[in-house]
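Fold and geometry: a report
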Amino acid sequence: MRRLLAGLAAGTFMFATAACGSSGSSSSTSPSSGGTTTVKVGIIPIVDVAPLYLGQKEGFFGKRGLKLSMTLAQGGAAIVPGVTSGQFQFGFSNMTSLMIAQSNGVPVQAIANGVASTGVEGKDFGGLVVKKGSSITSAKQLESKKVAVNTLKNINETAVRESVRKAGGDPDKVNFVELAFDQMPAALDKGQIDAAMAVEPALATMKGQGATEIASPLVDVAKNLTVAMYFTSTSYAQKNPAVVKEFQEAIAESLTYADAHPDEVRQIVTTYTKTPADVLAQVTLPKWPAAANRSSIEALEKLSEQDSLFKTAPDLDKLLP
């Protein structure tokens, strides 16, 4: 949380701009006026956001007067301050980052579903893996071991902690380290970490290197967990209701399209990640339901409270659409 507040204070963010879309300032033209509004969206270079790229490609945003300018970041915790500062009009973030922000008075509003777990143990888009030949066969054995997550004190750490608990271990004894998803395969292969909690396509890359999956942490949190959502700042939502409405409708159409066209999902991922086609063929795709699963978010909230991520409980009625 200190990193989040520091980022809000400094207002300095380091991102690699994706090739898709313009990096110019947002247009002031309202979609309802017949013009085009360019909106900047902060995202993570993972399979989860494939519907956004597909929606842009298929014209779901364009027909509603929107043009997307996508910018890549390491995790949702970095995207939140980018949205609240006005650097982005919309962002993609895991639910823990959004709940932490809301509980601390950061003005964010979730507006559309993002991605969900498959709910199937061993067949989810997120998994906890160890190196080929590792003696670790259970999450319980991660005590005193080095485990990589993309962002500390966030959803993936909370999920791994729950897997450790369910396996009979003490999560407080796990040594969590922060590492970007795309850096995890090399770190695991070189033995710099003992395990990694990754999502696709990094998960498939590591499995291709012989890594063994020992738990499905997102499934351990809650069946069919809503992992992330698209969001905006409360001030932007109040001042630009028409743009938000068009964005919501375009996202809904994009999610439905992605769920029905897995081959196109795999192809579009090659445009914003460096994942080889043969690895993408092995990727386990997440679910992209149109609506968020509130009961699963409530389960995540309880675990996050248990991990002392909140000073005060977040108000889900204000956060969720």
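See the structure shown above.
Below or above, wherever it landed, is the structure these notes cover.

Each helix and strand counted, the chain has 14 helices and eleven strands in total. Burial status across the chain gives 54% buried among its 321 residues. Sequence separation of at least 24 residues holds for 79% of the intrachain contacts in the chain that already meet a minimum separation of 6. Roughly 13000 Å² of accessible area belongs to the chain as shown, and the carbon and sulfur atoms make up 49% of that amount.

In this structure the tally under the stated criterion is 13 salt bridges. Ionic pairing is found between aspartate 172 and arginine 161, a salt bridge with its closest N-O pair at 2.5 Å. Here aspartate 172, found in the loop between helix 5 (155-166) and strand 8 (175-178), pairs with arginine 161, found in helix 5; they are eleven residues apart in sequence, far enough to count as distant. The class for arginine 161 is buried, based on a relative accessible area of 10%.

We now examine the packing of helix 2 (residues 50-58) against helix 11 (residues 262-269). Axis separation between helix 2 and helix 11 bottoms out at 9 Å; the angle between their running directions is 95°. The pairing of helix 2 with helix 11 is recorded here as roughly perpendicular in orientation. Contacts between helix 2 and helix 11 involve Ala50, Tyr53, Leu54, Lys57 and Glu58 on the former and, on the latter, Glu264, Val265, Ile268 and Val269.

A separate point is the sheet that holds strand 8. Taken together, five strands build an open sheet; the order of strands is 8-7-9-6-10 and the sheet is mixed. The strands lining the two open edges of the sheet, one partner per strand, are strand 8 and strand 10 (212-215). Taken over all neighbouring pairs, the strand axes of this sheet differ in orientation by 35° on average, direction set aside. In this sheet, strand 10 lies alongside strand 6 (residues 126-130) in antiparallel orientation, the contact comprising three bridges. In the strand pairing of strand 10, leucine 128 is matched with alanine 215.

Unoccupied space between atoms shows up once a probe the size of one water molecule is rolled over them. Counted according to the given criterion, the structure contains one cavity of 30 Å³ or more. Approximately 150 Å³ is the volume attributed to the largest cavity. In this structure, the largest cavity is lined by 19 residues; those nearest its centre are Ile44, Asn94, Asn150, Ile155 and Asn156. Within the residue set of the lining of the largest cavity, elements represented by two or more residues are helix 3 (76-84), strand 4 (90-94), helix 5 and strand 11 (226-233). In the lining of the largest cavity, the residues fall into nine nonpolar, nine polar and one charged.

Now for the side chain of aspartate 307. With respect to the secondary-structure elements, aspartate 307 resides in the loop between helix 13 (294-306) and helix 14 (316-319). At 3.2 Å, the side chain of aspartate 307 forms a polar contact with the side chain of threonine 158. When sequence neighbours within four positions are dropped, the list of residues in contact with aspartate 307 reads Thr158, Arg161 and Arg165.

Quick notes on the rules
Residues numbered from 1 in each chain as written. Predicted model: local features only at pLDDT ≥ 70, side-chain atom pairs only at ≥ 80, totals over all residues. Heavy atoms only, no water. Helix = DSSP H or I, 4+ residues; strand = E, 2+ residues; numbered from the N terminus. Buried < 20%, exposed > 50% of the residue type's maximum accessible area, 1.4 Å probe, protein only. Contact = heavy atoms within 4.5 Å. Areas by Shrake-Rupley, 256 points an atom, 1.4 Å probe, with all protein chains shown as cover. Salt bridge = Lys/Arg side-chain N within 4 Å of Asp/Glu carboxyl O. Axes fitted to C-alpha atoms, helices over the stretch in contact; angles between N-to-C directions. Parallel < 35°, antiparallel > 145°, perpendicular 65-115°, else oblique. Pairing = 2+ DSSP bridges. 1 Å grid on protein atoms, 1.4 Å probe; cavity = no way out; pocket = protein on both sides within 12 Å on 5 of 7 lines; lining within 4 Å. Points joined across faces, edges and corners; volume = space filled by probe spheres on them. Nonpolar A, V, L, I, M, F, W, Y, C, P; charged D, E, K, R; others polar. Polar contact = N/O pair within 3.5 Å; in protein donor to acceptor, adjacent residues only side chain to side chain.

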